[in-house]
Amino acid sequence: AVNLRGSYFTAQAAARQMRAQGGGGRIIFSSSITGAQAVAYVSAYAMCKAALRMLARNLVAELSPHRITVNALLIGATVTPRNLRDDPDYDEHWGAVIPLGRAAQPDDVASAALFLCSNSGAFITGATLAVDGGWSCVSPTPELKFVQQHEAARQQ
């Protein structure tokens with residue numbers, strides 16, 4: 001409901017406002033690298049995030065005449081409070097399998113979004129930009145001990 005419907009209806013409302021104001025605009029969907037590469041234990045999440053990539057492409061046909069660009073960010077492993085709650089060594093574990101040697105920080109994702117919103121990104125629409133430190137090129141997954149711990153606890 002949040003990942004797909006929420007994004008769809010928010011984009012719809014934003015596009016209406018952008019059209020009313022004139023001058024175009026930018027819509028950026030927060031997708032996930034799991035929407036492009038299979039990762040165990042996240043199938044429902046991945047399915048919704050993959051749909052956002054296609055939604056961005058479809059909206060190009062509808063919104064380009066109004067000078068509204070629509071893109072998606074394929075966000076990879078990112079250090080966030082939630083990820084650190086699940087795995088206090090999140091950056092170390094993911095950094096070991098990401099070619100650039102670390103998980104993303106929120107600023108890495110924000111910088112990509114700012115590029116797409118800037119004049120430098122004005123002619124980019126319908127694109128999906130991977131912000132994953134090269135992980136999708138090789139795609140290894142670290143051992144996810146917290147998943148096994150949750151599974152064992154659930155079975156007890």
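Refer to the structure printed above.
None of these values were measured; they are calculated from a predicted model.

Draft legend 1. Structural detail: the overall build of the protein chain. When helices and strands are counted, the protein chain shows seven helices and three strands. Walking the protein chain from its N terminus toward its C terminus, one meets helices and strands in the order α-β-α-β-α-α-α-β-α-α. Across its three principal axes, the protein chain shows a C-alpha extent of roughly 55 × 35 × 25 Å. Summarising the internal contacts of the protein chain: among those between residues at least 6 apart in sequence, 69% fall at separations of at least 24. Accessible surface, the protein chain: about 9,300 Å² in total, of which carbon and sulfur atoms supply 56%. Of the side chains in the protein chain, 13 bear a positive and 11 a negative charge, and the two mean positions are spaced by 15 Å.

Draft legend 2. Expanded view of the nonpolar core. By size, the foremost hydrophobic cluster in this structure holds 13 residues, and its most contacted members are I27, F29, L59, L63, I68 and V70. Listed by contribution, the elements that provide at least two residues to this core are α1 (2-21), β1 (25-32), α2 (43-63) and β2 (68-75). With five residues, the top contributor of residues to this core is α2. Non-local contacts of L63, meaning those with residues more than four positions away in its chain, are made with A15, I27, I68 and V70.

Draft legend 3. Here's a closer look at the side chain of N83. You can see N83 is positioned in helix α3 (residues 81-86). In this structure N83 comes out as buried when scored by relative accessible area, which is 10%. For N83, the side chain forms a polar contact with the side chain of Y90, separated by 3.3 Å. When neighbours within four sequence positions are excluded, N83 is seen to be in contact with T78 and Y90.

Draft legend 4. Just the layout of surface pockets, in detail. Size it by volume and the second largest pocket reaches roughly 190 Å³. At the level of secondary structure, the elements contributing two or more residues to the lining of the second largest pocket comprise α1 and α2. Broken down by element, the residue count for the lining of the second largest pocket peaks at six residues, all from α1. A breakdown of the residues in the lining of the second largest pocket according to their chemical character gives five nonpolar, two polar and three charged.

Thresholds applied
Residues numbered from 1 in each chain as written. Predicted model: local features only at pLDDT ≥ 70, side-chain atom pairs only at ≥ 80, totals over all residues. Heavy atoms only, no water. Helix = DSSP H or I, 4+ residues; strand = E, 2+ residues; numbered from the N terminus. Contact = heavy atoms within 4.5 Å. Areas by Shrake-Rupley, 256 points an atom, 1.4 Å probe, with all protein chains shown as cover. Lys, Arg positive; Asp, Glu negative; His and termini not counted. Charge placed at Lys NZ, Arg CZ, Asp CG, Glu CD. Core = buried A, V, L, I, M, F, W, Y, C linked by side-chain atoms within 4.5 Å. Buried < 20%, exposed > 50% of the residue type's maximum accessible area, 1.4 Å probe, protein only. Polar contact = N/O pair within 3.5 Å; in protein donor to acceptor, adjacent residues only side chain to side chain. 1 Å grid on protein atoms, 1.4 Å probe; cavity = no way out; pocket = protein on both sides within 12 Å on 5 of 7 lines; lining within 4 Å. Points joined across faces, edges and corners; volume = space filled by probe spheres on them. Nonpolar A, V, L, I, M, F, W, Y, C, P; charged D, E, K, R; others polar.

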